[in-house]
Amino acid sequence: MSEPSGLSGLMQGHGLLISSLLRHAARHHADTEIVSRRADGGLDRRSWAGIEARARRLAAAFRALGVAEGERIATLAWNDWRHLEVYYAAPGMGAVCHTVNPRLHPSDIAYILNDAADKVLCIDPGFLPLLGAIAAELPTSLTDIVLLDDTLPATLPALPAHLRLHAHEALIDAAAGDFVWPVLDERAASALCYTSGTTGRPKGVLYSHRSTVLHAFGINMADAMGFRAVDRVMPVVPMFHVNAWGIPYAAAMAGAALILPGRQLDGASLHALMNAEQVSMSAGVPTVWLNLLAHLRSTGGRLDTVQRIMTGGTACTSLLIDAFADEYGVRMEHAWGMSEISPVGTYHALKPAQSALPEAERRRHLLKQGRVLALLDMKIVDGEGRELPWDGVQFGDLKLRGPWVTAAYFGQAPGSALDADGWFATGDVATIDADGFMEITDRSKDVIKSGGEWISSIALENIAQSHPDVAEAAVIAARHPKWDERPLLLVVPRPGRTPTEAGLLDAFTGKVPKWWLPDAVLIVGELPHTATGKLQKTALRARYADHLLALKTD
Ligand code: AMP
């Protein structure tokens, strides 16, 4: 940032630093709880003051290990207090917290560690077998492994001899307690997260202190996550994927309690933790909520304290919105984002006009991905880059810009991820309505281009998904001799149901133009998913793209 050419403001120039968030929580919400589910099922109880004291010691320990500013400290860990300590210790001392997704293929994990050239790896004991599997491919930059546990186990996988091993608790116990958070440049890198890479190799998104703090303010607005000091927030969204949607930072800013579910993410475990720890708000992907719903319905369980649930990562369904509202009195809040946007870009909160809608229409509106957060801007463009009108009907490529949108991937030239006007192309296709509510209609690579017109695969999936016989549905572009591409519907039936092609196609009548109807339906046992739980359409296309051509020649 350059000096202003006119008159300078005369306000204090404190930078936006991640350590300030933790310091605030420790000083003003000292006793507020951080509760974590341990691997053995028991609960660990800390406070913001306790976490800050331990994060300072950990930062001192990292420094003693020789970690320099800008160097990367990787994590392979679940949502718990030790991961939270690394989340703050690494950027707080000027290093970069590089969260790695353990659900990725081991070869991708090895690639990511090498691409990031990590110096330290903090790892949950449960991932030691994974570490053993990639031992030969670990980066030469790696000097230290920190086991997120009390002590080192008796047996460890065979690792390169030069690596030093430490137990997290031993490091903290041995470290000096007088470490002071350094004053850093707010534009310094703070965290690194790789995109799931459904095509090609994963790419690193490098966040800064400034972008992270601004994002935390953005999601803490009342029309977004809007945390308060009375909240007890449970991020089910993993801290190893896009900063758990910014919740670890936003909760510290608001002085909210954090309830961290560890590795037990099944419906029964989440339900028990929500009630026992009086969770008021939770966040995660739709699959998590479908599992919770199935558990609640089968056991007759209630949600005693949860008021709202934020869902994102993939589209929310009306089943979720209706079931949680009508059966449990819980508001589902739909948001959209991506790694490159820190990740939250839009959040659904009603304006007066939508609040006044008849109930059925209001419910339908909640399926939209929402309005853009303040300080960001968005637009939709056609194939030639011309901006499209906000009529809720025309759909085009969605672009965003703002202070927590990436400008370049890790290791690439500044600004290389932007177009000439500074906009970032999200790779999503969307409509925007007159009130500024965005609705995703597709990924740009999944949209079905039939005779020059676009068909939204997601719109078709949503309809198929609401059929009572359907557990999960996918629609892909299948090659067609006349129309280039036509929709092919793949359906996983609900247990005990046997849907027919005619019955399934009937569900589309009157809901979409006739020419959008899938050309064929395939009943399958399961659908492939990526490591972040999204439908893996590349795999489906590799297998079924020629299905219609095969039908024609039979
Ligand atoms: P990731 O960077 O792994 O978080 O993936 C980001 C992508 O997930 C986005 O570009 C969207 O395609 C998809 N996505 C995220 N949130 C939603 C949502 N609420 N509805 C539909 N797609 C979503």
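None of these values were measured; they are calculated from a predicted model.

This part is about the packing of helix 7 (residues 209-219) against helix 8 (residues 247-254). Helix-helix packing is characterised by the crossing angle of the two axes and by the distance between the axes. Closest axis-to-axis distance for the helix 7/helix 8 pair is 9 Å, and the angle between their directions is 70 degrees. The angle between helix 7 and helix 8 places the two elements in the roughly perpendicular class. Both helix 7 and helix 8 take part in a crossing whose hand is right-handed. Between helix 7 and helix 8, the residues in contact are T212, V213, A216, F217 and I219 and I247, Y249, A250 and M253, respectively. For the contact of helix 7 with helix 8, the per-class residue count stands at 8 nonpolar, 1 polar and no charged.

Tallying each qualifying case throughout the model produces 3 cavities of 30 Å³ or more. Every residue lining the largest cavity is counted, 13 residues in all, and those nearest its centre are N101, L104, Y194, F240 and H241. Counting only elements with at least two residues in the lining of the largest cavity, the list comes to strand 4 (96-99) and strand 8 (189-194). Residues that form the lining of the largest cavity fall into these classes: 6 nonpolar, 7 polar and no charged. Approximately 50 Å³ is the volume attributed to the second largest cavity.

This next bit is on the layout of surface pockets. One number sums up the size of the second largest pocket: a volume of about 360 Å³. With 4 residues, strand 9 (residues 204-208) is the largest single contributor of residues to the lining of the second largest pocket. Of the residues contributing to the lining of the second largest pocket, the split by class is 12 nonpolar, 8 polar and 3 charged.

Accessible area lost during the coming together of the parts is what is often quoted as the interface size. Along its sequence, the chain is organised into domain 1 (14-27 + 45-207 + 234-249) and domain 2 (446-553). A C-alpha centroid distance of 41 Å is found between domain 1 and domain 2.

In this section: the sheet that holds strand 20 (residues 438-443). Read across the sheet, 4 strands follow the order 17-18-19-20 without closing on themselves; strand pairing throughout is antiparallel. Two strands in the sheet have a free side with no partner beyond their single neighbour: strand 17 (377-381) and strand 20. Neighbouring strand axes in the sheet, compared pairwise and without regard to direction, differ in orientation by 50 degrees on average. Looking at chain direction, strand 17 and strand 18 (residues 396-401) are connected through 5 bridges and run antiparallel.

Every one of the 15 residues lining the ligand counts as a neighbour, but A335, S339, Q369, D428 and R443 are closest to it. Q369 has a polar side-chain atom sitting 2.8 Å from a nitrogen atom of the ligand. Between an oxygen atom of the ligand and a side-chain N or O atom of R443, the distance comes to 2.8 Å. With 4 residues, strand 14 (residues 331-337) is the single largest residue contributor to the shell around the ligand.

Attention now goes to the sheet that holds strand 15 (residues 344-347). Read across the sheet, 9 strands follow the order 2-1-11-10-12-13-14-15-16 without closing on themselves; strand pairing throughout is mixed. Strands with a single pairing partner mark the edges of an open sheet, and in this sheet they are strand 2 (43-47) and strand 16 (371-372). Relative to strand 2, strand 1 (residues 33-37) is paired through 5 bridges, and the arrangement is antiparallel. Bridging from a neighbouring strand, R37 pairs with L43 of strand 2.

On to the packing of aromatic side chains, then. The tally for this structure, following the rule as stated, stands at 9 aromatic pairs. Pairing W48 with Y88 gives two aromatic rings, centres 6.4 Å apart and planes at 90 degrees, and the pair type is edge-to-face. Of the two residues, W48 sits in helix 2 (residues 48-65) while Y88 sits in helix 3 (residues 81-92), which places them 40 residues apart along the sequence. Residue Y88 is classed as buried on the basis of its relative accessible area of 1%. Clustering of aromatic rings is evident, with ring pairs tying together W48, Y87, Y88 and Y249. The ring centre of Y409 lies 4.5 Å from the NZ or CZ of K203, which sits over that ring.

We now examine helix 3. Along its 12 residues, helix 3 runs 16 Å from first to last C-alpha, staying within 8% of the 16 Å computed at 1.5 Å per residue. The buried fraction of helix 3 amounts to 12 of the 12 residues, a majority that puts the element mostly inside the structure. Along helix 3, the residues that are buried comprise W81, R82, H83, L84, E85, V86, Y87, Y88, A89, A90, P91 and G92. Following helix 3 by one or two positions, G94 has its phi on the positive side, about 105 degrees.

Attention now moves to the side chain of H295. Relative to the elements of secondary structure, H295 occurs in helix 10 (residues 286-299). A distance of 3.3 Å separates the side chain of H295 from the side chain of H271, its partner in a polar contact. Residues contacting H295, with those up to four places away along its chain left out, are G267, A268 and H271.

The subject of this paragraph is the pairing of strand 14. Among the 7 residues in strand 14, 5 count as buried, and that is most of the element. Examined bridge by bridge, strand 13 (residues 308-311) and strand 14 share 4 bridges and lie parallel to one another. Bridge pairing in strand 14 links T311 to H334. Handedness of the crossover joining strand 13 and strand 14 through helix 11 (residues 318-328): right-handed. The turn linking strand 14 back onto strand 15 is made up of 6 residues, and S342 within it adopts a positive phi angle of 75 degrees.

Another point: the packing of helix 2 against helix 3. Two elements in contact, helix 2 and helix 3, have axes whose closest approach is 8 Å; the angle formed by their N-to-C orientations is 60 degrees. Compared by their axis directions, helix 2 and helix 3 come out oblique. Where helix 2 crosses over helix 3, the two elements pack in a sense that is right-handed. Contact with helix 2, carried on its side by W48, I51, R54, A55, L58, A59 and F62, involves W81, R82, L84, E85, V86, Y88, A89 and A90 of helix 3 and no other residues of that element. Partitioning the contact of helix 2 with helix 3 into residue classes produces 12 nonpolar, no polar and 3 charged.

Cut-off values and rules
Residues numbered from 1 in each chain as written. Predicted model: local features only at pLDDT ≥ 70, side-chain atom pairs only at ≥ 80, totals over all residues. Heavy atoms only, no water. Axes fitted to C-alpha atoms, helices over the stretch in contact; angles between N-to-C directions. Helix = DSSP H or I, 4+ residues; strand = E, 2+ residues; numbered from the N terminus. Parallel < 35°, antiparallel > 145°, perpendicular 65-115°, else oblique. Left-handed = near helix turned anticlockwise from the far one by under 90°. Contact = heavy atoms within 4.5 Å. Nonpolar A, V, L, I, M, F, W, Y, C, P; charged D, E, K, R; others polar. 1 Å grid on protein atoms, 1.4 Å probe; cavity = no way out; pocket = protein on both sides within 12 Å on 5 of 7 lines; lining within 4 Å. Points joined across faces, edges and corners; volume = space filled by probe spheres on them. Domains from an automatic or database assignment. Pairing = 2+ DSSP bridges. Near = heavy atom within 4 Å. Polar contact = N/O pair within 3.5 Å; in protein donor to acceptor, adjacent residues only side chain to side chain. Phe/Tyr/Trp six-rings, centres within 6.5 Å; stacked < 30°, edge-to-face > 60°. Buried < 20%, exposed > 50% of the residue type's maximum accessible area, 1.4 Å probe, protein only. Lys NZ or Arg CZ within 6 Å of the ring centre and 35° of its normal. Expected span 1.5 Å × (residues − 1). Right-handed = clockwise from strand over helix to strand, strands pointing away.

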